[in-house]
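# Survey of secondary and tertiary structure
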Amino acid sequence: MGYVISVVNQKGGVGKTTTAVNLAAYLAKNGQKTLLIDADPQGNATSGLGIAKKDQKKTTYDVMINGLPMTEAIVETEYRNLSICPANIDLTGAEVELIDIPEREKVLSAALQDVRKIFDYILIDCPPSLGQMTVNALTASDYILIPVQAEYYALEGLEQLLETYSRIKNSSNPSLKFLGIVITMFDARTQLAHQVENEVRNLFPDQVFQTIIPRNVRLSEAPSHGQPIMIYDKRSRGAKAYRALTKEVMRKKKK
């Protein structure tokens, strides 16, 4: 059965989609059959893998709202072992439309039953909110992974996110586990970045990945070229960091 991970933080601009795309790409490169589900109406994970989101006729929206089997929405990328369920602006309406659906928090979970048998890893790139899409993702997941930016206000909203995690775990998904926190956009030249890292590690001593994702120009450029960092610049610091993070995630699965 596939291992489902939600990459989530309701605060935008923290490297959430960058983490989802590059972790998925490196898992695939390591021989893991991987599906990335774009659950964000911005569709940045879709375009980040070189898929034209405006051209997609079958998307996460159709799976969630129209009952389309996810297998029919999946698009093969140009990278071996890596597929995506794309998203575009249509998904914006899902938040409202889900309200009238019975057991609305379990729609994505039901849609994933068939594809769990096909993939080793299923990553969900959640929207920057704690609305119905994120609740659906957490209800469908085995694990939650939280990117936290190494800047001022980094922990703002994290308490609310962890409350949502606990609520989902205590209600619709008792098996949901905490995979960990990954520190992103780390600028080693600043004292603030080190202070944030220390604070996060002190607050969550056993739940922070050893790998830190640096602030890296090549990492920022890659999405505009529709490529994961392993293709855009495999020698960059960003590529080395996501390669290391992937190894940590895979080791956690073995444990």
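Our subject is the structure that appears above.
As the structure is a prediction and not an experimental result, all values here were calculated from the model. Starting from 1, residues in each chain are numbered consecutively following that chain's sequence as written. Under the rules for a predicted model, residues below a pLDDT of 70 receive no local features and side-chain atom pairs below 80 are neither given nor counted, while totals for whole chains, interfaces and linings still include all residues. Note that the side-chain values use all heavy atoms of the structure and ignore hydrogens as well as water.

## So, the nonpolar core
- The set of buried Ala, Val, Leu, Ile, Met, Phe, Trp, Tyr and Cys residues whose side-chain atoms join them within 4.5 Å is what this entry labels a nonpolar core. Relative accessibility decides the category of a residue: with a 1.4 Å probe and only protein chains considered, values under 20% of the type maximum give buried, values over 50% give exposed, and everything between is partly exposed. Core analysis: the biggest nonpolar cluster contains 53 residues, and Met 70, Leu 112, Ile 124, Ile 146 and Ile 181 have the highest contact counts within it.
- Residue contacts follow a heavy-atom distance rule, with two residues in contact if any of their heavy atoms lie within 4.5 Å. In this structure, Met 70 is in contact with Leu 35, Ile 37, Val 63, Cys 85, Leu 108, Ala 111, Leu 112 and Val 115, ignoring residues within four places of it in sequence.
- The next biggest cluster of nonpolar side chains, apart from the first, holds 37 residues, and it includes Leu 23, Tyr 121, Tyr 232 and Met 250.

## A closer look at the packing of aromatic side chains
- Stacked, tilted and edge-to-face are the three classes applied to pairs of Phe, Tyr and Trp rings, where Trp contributes its six-membered ring and a pair requires centres within 6.5 Å; stacked means planes under 30 degrees apart, edge-to-face means over 60, and tilted covers the rest. Throughout the structure, instances matching the rule amount to 4 aromatic pairs.
- Ring centres of Tyr 152 and Tyr 153 lie 4.3 Å apart, and the angle between their planes is 45°; on these two criteria the pair is classed as tilted.
- Take Tyr 152: its relative accessible area is 57%, and that puts it in the exposed class.
- Each ring, one from Tyr 165 and one from Phe 178, has its centre 5.7 Å from the other, and the planes form 70°; the classification is edge-to-face. Pair noted here: Tyr 165 is in helix 8 (residues 158–170) and Phe 178 is in strand 7 (residues 177–186), with a separation of 13 residues, a long-range link. Each member of the pair, Tyr 165 as well as Phe 178, carries the same accessibility label: buried.
- Through a chain of ring-to-ring contacts, the aromatic side chains of Tyr 3, Tyr 121 and Tyr 143 assemble into a single cluster.
- Positioned above the aromatic ring of Phe 209, the side-chain terminus of Lys 252 is 4.6 Å from the ring centre. Strands here mean DSSP runs of E at least two residues long; helices mean DSSP runs of H or I at least four residues long; both are numbered from the N terminus. By definition here, charges over rings are those cases where NZ of Lys or CZ of Arg is within 6 Å of the ring centre and within 35 degrees of the ring normal.

## A word on a nonpolar patch on the surface
- Nonpolar side chains collect at one region of the surface, where Tyr 152, Tyr 153 and Leu 192 lie side by side and expose about 350 Å² of accessible area between them.
- Positionally, Leu 192 belongs in helix 9 (residues 191–203).
- Among the residues examined, Leu 192 registers a relative accessible area of 35% and is labelled partly exposed. Exposure above 30% relative accessible area and the absence of a salt bridge qualify a residue for a patch, where like charges join within 9 Å and nonpolar side chains (Val, Leu, Ile, Met, Phe, Trp, Tyr) within 5 Å. Values of accessible area rely on a 1.4 Å probe in the Shrake-Rupley scheme; residue burial ignores everything except the protein chains shown. By definition, a salt bridge exists where a carboxyl oxygen of Asp or Glu is found within 4 Å of a side-chain nitrogen of Lys or Arg.

## A look at the pairing of strand 4 (residues 82–85)
- Side chains of strand 4 alternate between two faces, with Leu 82 and Ile 84 and Ser 83 and Cys 85 buried alike.
- Think of it this way: DSSP has to see at least two bridges between two strands before they count as a pair. Direction of pairing for strand 2 (residues 34–38) relative to strand 4: parallel, over a ladder of 4 bridges. Looking at the pairing, Leu 35 lines up with Ser 83 of strand 4.
- Counting the residues between successive antiparallel strands, the hairpin from strand 3 (residues 75–76) to strand 4 contains 5 residues, one of them, Asn 81, with a positive phi of roughly 75°.

## Quick word on the sheet that holds strand 8 (residues 208–214)
- Reading across from one edge, 3-4-2-5-1-6-7-8 is the order of the 8 strands in this open sheet, with mixed pairing throughout. Only two strands of the sheet have a single neighbouring strand rather than two, namely strand 3 and strand 8.
- Looking at chain direction, strand 7 and strand 8 are connected through 3 bridges and run parallel. Bridge pairing in strand 8 links Phe 186 to Pro 214.

## As for the pairing of strand 1 (residues 3–7)
- Of all 5 residues in strand 1, 5 are buried; the element is thus mostly enclosed.
- Side chains Tyr 3, Ile 5 and Val 7 project from strand 1 onto one buried face, and the interleaved Val 4 and Ser 6 project onto a second face that is buried too.
- The sheet contact formed by strand 1 and strand 5 (residues 121–125) spans 5 bridges and is parallel. Bridge pairing in strand 5 links Ile 5 to Leu 123.
- Both strand 1 and strand 6 (residues 143–149) contribute to a ladder of 3 bridges, which runs parallel. Residue pairing in the sheet places Ile 5 in a bridge with Tyr 143 of strand 6.

## Some words on the pattern of salt bridges
- Counted according to the given criterion, the structure contains 9 salt bridges.
- The closest approach of N and O atoms between Lys 106 and Glu 103, which form a salt bridge, is 3.6 Å.
- For Glu 103, a relative accessible area of 55% corresponds to the exposed category.
- Arg 189 is paired through a salt bridge with Asp 187; the nearest N and O atoms lie 2.9 Å apart.
- A relative accessible area of 16% means that Asp 187 is categorised as buried.
- It is possible to trace a salt-bridge network through shared partners that takes in Lys 16, Asp 40 and Asp 125.

Read these as layout, nothing more, since geometry by itself doesn't imply function.
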